[in-house]
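One-letter residues, chain by chain:
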Amino acid sequence: MATGEFELAGVTYMRVLVSGGSRGIGAAVCIRIAEAAASRGERAQIAICGHGLSQQQEDVAQAVRAIGGQAIPLSGDLGDPEVPAALVAAAVAEFGGLDGLVANSGIASPGALSELSVADWDHMLAVNLRGPWLLARSCYPYLKQNRGAVCFVSSMSGQLPHAGSGAYSPAKAGLTMLAQTLALEWAPDGIRVNVVSPGMTRTPMTEKMYADPTLKKAREDLIPLSRIGEPEDIANAIEFLMGPNAAFVTGQDLCVDGGFSKSILSHIPGRPRSQS
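This section reports on the structure supplied with the text. (Residues numbered from 1 in each chain as written. Predicted model: local features only at pLDDT ≥ 70, side-chain atom pairs only at ≥ 80, totals over all residues. Heavy atoms only, no water.)

## Structural notes on unusual backbone geometry
For R147, which is not a glycine, the phi torsion comes out positive at approximately 50°. As for its placement among the helices and strands, R147 is situated in the loop between α4 (118-146) and β6 (149-153). Classification of R147 as partly exposed rests on a relative accessible area of 45%. Positioned with a positive phi, S226 is a non-glycine residue whose angle comes to about 60°. Positionally, S226 belongs in the loop between α7 (213-220) and α8 (231-242). (Helix = DSSP H or I, 4+ residues; strand = E, 2+ residues; numbered from the N terminus. Buried < 20%, exposed > 50% of the residue type's maximum accessible area, 1.4 Å probe, protein only.)

What follows is the structure in structure tokens.
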């Protein structure tokens, strides 16, 4: 049995709470973790958390069950400081513990920082930074029992300043630093903590942009791999970091962006040459 798994009556379980699991990247993560567990002869148990109960959430749960896993839908507003502990408690009551946390929930609200209200700033940080911290803090004693794993879903906007994104870029940068600090604090307990930072990805939150073929093409032209990411691209990276093949990986921020963030110099016209 690998670390971050639980065995009972000869069956090995992978018990994971996924916030923002109802759609997009979170939904793909739930399904990918269930597939990976099944391929190892294990059974995934996934708490699929959403802001509110929905048919989308139930559809994801049914997909997990079809793969052979167990899934329960949970709901709550991560902007409420009481909700993270309640979600973790509900998952633990159902599964008997937890082996992993994928903190994927997030909101976006573009705007200039000079015009941002204190209420908007506080709400962004409450959902995108404080919520993931409180989820991780509540999961800690259960992850410690089984040397579990955490993956925070940040953004390339947390690696690079993104003007006009309001408090989103600062919140995601803070999330990445939170994860890397926890990685060091929790390493003695055998808990691994990593980050996946998606680049331009087609999700329900971005779908309106990519419905515009001109905008979609302009964005694709900026990406070395010449396409927009799909939720499954991000889910594959997250599942790797949560799984046994990443047993010696912690404190890392993996940017899954088709090479975009490393291509900045290629957008500068002209190439300097020394005079002979």
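Once the structure has been displayed, the description carries forward.
## Topic: the packing of helix α3 (residues 83-95) against α4
Each pair of packed helices can be described by the angle between their axes along with the distance between the axes. For the pair α3 and α4, the least separation of the axes is 8 Å and the interaxial angle reads 35°. Here α3 and α4 pass one another in a crossing that is right-handed. Two secondary-structure elements touch here, α3 through P84, A85, V88 and V92 and α4 through G131, L134, L135, S138, C139 and Y142. Residues that form the contact of α3 with α4 fall into these classes: eight nonpolar, two polar and no charged. (Axes fitted to C-alpha atoms, helices over the stretch in contact; angles between N-to-C directions. Left-handed = near helix turned anticlockwise from the far one by under 90°. Contact = heavy atoms within 4.5 Å. Nonpolar A, V, L, I, M, F, W, Y, C, P; charged D, E, K, R; others polar.)

## Side note on α4
Given a rise of 1.5 Å per residue, 29 residues ought to cover 42 Å, and the 40 Å separating the end C-alpha atoms of α4 matches this to within 8%. Its axis deflected by about 50° at Y140, α4 carries its strongest bend there, up to four residues before the proline P141. R147, located one to two residues past α4, shows a positive phi value of around 50°. (Expected span 1.5 Å × (residues − 1). Bend = angle between axes of the 7 residues up to and from the residue.)

## Here's the deal with the environment of G50
Tracing the backbone through its elements, the reader meets G50 in strand β3 (residues 43-50). Judged by relative accessible area, G50 falls into the buried class, the value being 10%. For the pair formed by G50 and D77, sequence separation is 27 residues and the distance between their alpha carbons is 7.9 Å. Apart from residues no more than four positions distant in its own chain, G50 is found in contact with S22, Q57, L74, S75 and G76.

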